[in-house]
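# Observations on chain architecture
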Amino acid sequence: MRRLYGLLVVVSLLSLLAFGGAAAQEEKVLVVGLSEDYNGLDVHRAYEPGGSLIHKIVYDTLVTFPTDSVSEILPNLAESWTISDDGLVYTFTLRGDVVFSNGDPLTAEDVVFSFNRMKNLKDNPAFLADGIVSVEAPDERTVVLTLAAPDPAILAKLVFDAFSVVNADVVRAQGGTDAENASEADTAELWFNDNSAGTGPYMVDFYEPTVQTVLVRNPNYWGEAPYFDRIIIRNMPEAATQKLALEAGDIHIAMDITADQLPSLEGNPNISVYSTQSDTLIFLLMNQDPEIGGPMSDPKVQLAVRYALDYEGLKLLGGAGTNTPAAMVPLGFAGALDASEALPRDLEMARSLLTEAGYPDGFTVDLRYPDFTYIGTQFSLVAQKVQADLAEVGITVNLVPEELQVSLEAYRGGRHGFGLWLWNPDYYDTLDYVEFLPGGVVGKRANWTDENADATILELRDKVKVETDPEVRNQLFREIQLYEQQSGPFAPLFQPGVHFAYNATLKGFNYNGQWRVDLSLLSF
């Protein structure tokens, strides 16, 4: 077995001998290499995609997706549900056999506490609960969710980590609260880094930021017990480090393999490789605020950038499975424009637009981005490609790589004038991409607000949010994407392939866009 695994076994044997144990047992340990993008484990503040790998197996949600797709909504903690005729009231019936990791039974009050805490913390995922008017528990197994307006995406939203259900009594004892002033009064955030209060197959043992996250098996899990006793998720920001560690047997899964690493890994009989199209959107942000974005706030410059990019060349950076979305809705989502409808590269058009904007000789601008690798996409390489593309129309780009959390804070605070970023869907419905419109989560990061947006896009946004007819929704999304091609502060770059490499003897590996891999289903 691998060196780490062997080391843990030796430690276990020595410990038993030292304390006179009756029988030495091997601890089954899974070690994962991951480019860590989260900085805490409070599930109601969860927002970064890397954290889903953990939250998926520590907590449960009312409903879920199949293991290997996001094709349908399945029961989970809720065994069934009904929807009122007006689409405003969802009534869930909870399973009767679920207990938390400390043995306490799951109740509807735990669901009420969890949803209200997530909403009232007002942290990054709270916007997902904006349409929820109330959550009530008329009895121990019934949860009634009332919406302000019909939301065709609500069940898909409830799969997201932040809607995970925690043991209300345990979290309250650690300073947690679901009160309206939770954003100021709740003091449980740090407790979650070394503890958990969920119903999933694993529990948090401890978390060392930027080093590792360690999970242990939940002895009271209500489902089938997982194979591994312990899961160690090591932070390995560099794809090269993950590859070397996998080849050396120090880790069992490398989560961030790059396309150029695939040929050598595919030739190794001890390693299996999995590649597919991701749902991640890599994009450029051009701030609408002239004081922050400078020339990038000019709509003609924004369009010039979209025409200047070499989309075919950018696609090569993502490797197998990479595609170019035509606008800000990734391929595969209902209503997405076909890839053939994407803007072509047109350098003459780009130069003409720059001249119209008053920059016939171009200008110089900083491009800020997190200096990391995510699912095989090296942001430094993408930034260099953007730099080279824009140089052809006279825009000089200074590359400004930043530490992930520092860059993330500035991006979320709307302080990136010109930025390179990614977006993973919070939930699997095209409505998630309304967040790129004025007043949306990403729209606000580009300072694109109702006040500086035109009436056309505001009207489209407001209509699509409440439209339930699939054909009408798709037509509205089409009009929104055609608008985004000509106007707005974003440029889609590509939708990368996602590549994993893992020990060939590992069984049960499946990919799901929401949480990537369910580690609790793996075994040897």
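Residues numbered from 1 in each chain as written. Predicted model: local features only at pLDDT ≥ 70, side-chain atom pairs only at ≥ 80, totals over all residues. Heavy atoms only, no water.

### Section: the sheet that holds strand β12 (residues 271-277)
Across the sheet, 7 strands lie side by side as β8-β9-β10-β1-β11-β20-β12; this open sheet has mixed pairing. Looking at the sheet topology across the chains shown, the edges are occupied by β8 (202-208) and β12. Note: β8 against strand β9 (residues 212-217), 6 bridges, orientation antiparallel. Residue pairing in the sheet places methionine 203 in a bridge with valine 216 of β9. Taken strand by strand, helix α2 (residues 49-58) contacts β1 (29-34), β8, β9 and β10 (230-235), and its axis lies near 15 degrees from that of β9. (Pairing = 2+ DSSP bridges. Helix = DSSP H or I, 4+ residues; strand = E, 2+ residues; numbered from the N terminus. Contact = heavy atoms within 4.5 Å. Axes fitted to C-alpha atoms, helices over the stretch in contact; angles between N-to-C directions.)

### Description of the sheet that holds strand β4 (residues 78-83)
Within a sheet, adjacent strands bond to each other through the backbone by hydrogen bonds, running parallel or antiparallel. What the 4 strands build is an open sheet, ordered β4-β5-β7-β6; its pairing is antiparallel. Looking at strand neighbours, the two that pair on one side only are β4 and β6 (132-139), the edges of this open sheet. In this sheet, adjacent strand axes meet at a mean angle of 20 degrees when their direction is disregarded. Relative to strand β7 (residues 142-147), strand β5 (residues 89-94) runs antiparallel, the two being bridged by 5 bridges. In the strand pairing of β7, threonine 91 is matched with valine 144. In the packing of helix α3 (residues 108-121) onto the sheet, the strands contacted are β5, β6 and β7, and the crossing angle to β6 comes to about 165 degrees.

### Digging into the nonpolar core
Within the largest apolar cluster, 78 residues are counted, with the highest numbers of intra-cluster contacts made by Leu284, Leu309, Phe418, Leu420, Leu493 and Leu519. No other element matches the 6 residues that helix α10 (residues 299-308) contributes to this core. For leucine 519, the residues in contact, after removing those within four places along its chain, are Leu30, Val32, Leu53, Ile57, Ile231, Ile233 and Ile253. Counting 68 residues, the second largest nonpolar core, distinct from the first, contains Tyr47, Phe100, Leu158 and Ala453. (Core = buried A, V, L, I, M, F, W, Y, C linked by side-chain atoms within 4.5 Å. Buried < 20%, exposed > 50% of the residue type's maximum accessible area, 1.4 Å probe, protein only.)

### Structural notes on the confidence of the model for the chain
Close inspection of predicted coordinates is inappropriate in any region flagged by low pLDDT. The pLDDT averaged across the chain works out to 93; a share of 95% of its residues lies at or above 70. Low confidence marks residues 1-23, where pLDDT is under 50. Its contacts with residues over four positions away, or in another chain, come to 28 contacts. (pLDDT = per-residue confidence, 0-100.)

### Let's talk about the packing of aromatic side chains
Counting across every chain of the model gives 29 aromatic pairs. Ring geometry for phenylalanine 115 and phenylalanine 163: centres 5.1 Å apart, planes at 75 degrees, overall edge-to-face. Of this pair, phenylalanine 115 sits in helix α3 while phenylalanine 163 is found in the loop between α4 (154-157) and α5 (168-173), placing the two residues 48 residues apart along the sequence. Each member of the pair phenylalanine 115 and phenylalanine 163 is classed as buried. When the ring of phenylalanine 436 is compared with that of phenylalanine 490, the centres are 5.2 Å apart and the planes differ by 85 degrees; the resulting orientation is edge-to-face. Here phenylalanine 490 lies in strand β19 (residues 490-494) and phenylalanine 436 lies in the loop between β18 (418-423) and α15 (441-445), a separation of 54 residues in the sequence. Residue classification places phenylalanine 490 among the buried residues on the basis of a relative accessible area of 4%. Among the aromatic side chains, those forming a connected cluster through ring pairs are Tyr47, Phe65, Phe127, Phe160, Phe283, Phe333, Trp423, Tyr428, Tyr433, Phe436 and Phe490. (Phe/Tyr/Trp six-rings, centres within 6.5 Å; stacked < 30°, edge-to-face > 60°.)

### Digging into the pattern of salt bridges
According to the stated counting rule, one finds 26 salt bridges in the structure shown. Between arginine 345 and aspartate 389 there is a salt bridge, with the nearest N and O atoms lying 3.9 Å from each other. Here arginine 345 is found in the loop between α11 (311-316) and α12 (347-356), whereas its partner aspartate 389 is found in helix α13 (residues 379-391), with 44 residues between them in sequence. A relative accessible area of 1% means that aspartate 389 is categorised as buried. (Salt bridge = Lys/Arg side-chain N within 4 Å of Asp/Glu carboxyl O.)

### Let's talk about helix α17 (residues 470-486)
Side chains of residues three or four places apart in an α-helix project in the same direction, reflecting 3.6 residues per turn. Between its first and last C-alpha atoms α17 spans 25 Å; for 17 residues at 1.5 Å apiece the expected length is 24 Å, and the two agree. Buried within α17 are the following residues: Arg473, Leu476, Phe477, Ile480, Gln481, Tyr483, Glu484 and Gln485. Contacts made by the buried residues of α17 are with α10 and α16 (455-466). Where α17 begins, one side-chain oxygen reaches toward the backbone nitrogen of glutamate 471, 2.9 Å away; that side chain belongs to aspartate 469. Where α17 ends, the next residue or the one after it, glycine 488, has phi of about 110 degrees, a positive value. (Expected span 1.5 Å × (residues − 1). Polar contact = N/O pair within 3.5 Å; in protein donor to acceptor, adjacent residues only side chain to side chain.)

### Comments concerning α10
Of all 10 residues that make up α10, 8 are buried, and the element is covered over most of its length. Every buried residue belonging to α10 is among Val301, Gln302, Leu303, Ala304, Val305, Arg306, Tyr307 and Ala308, and all of these are buried. You can read the cap of α10 off the contacts: a side-chain oxygen lies 2.8 Å from the backbone nitrogen of lysine 300, and it is on aspartate 298.

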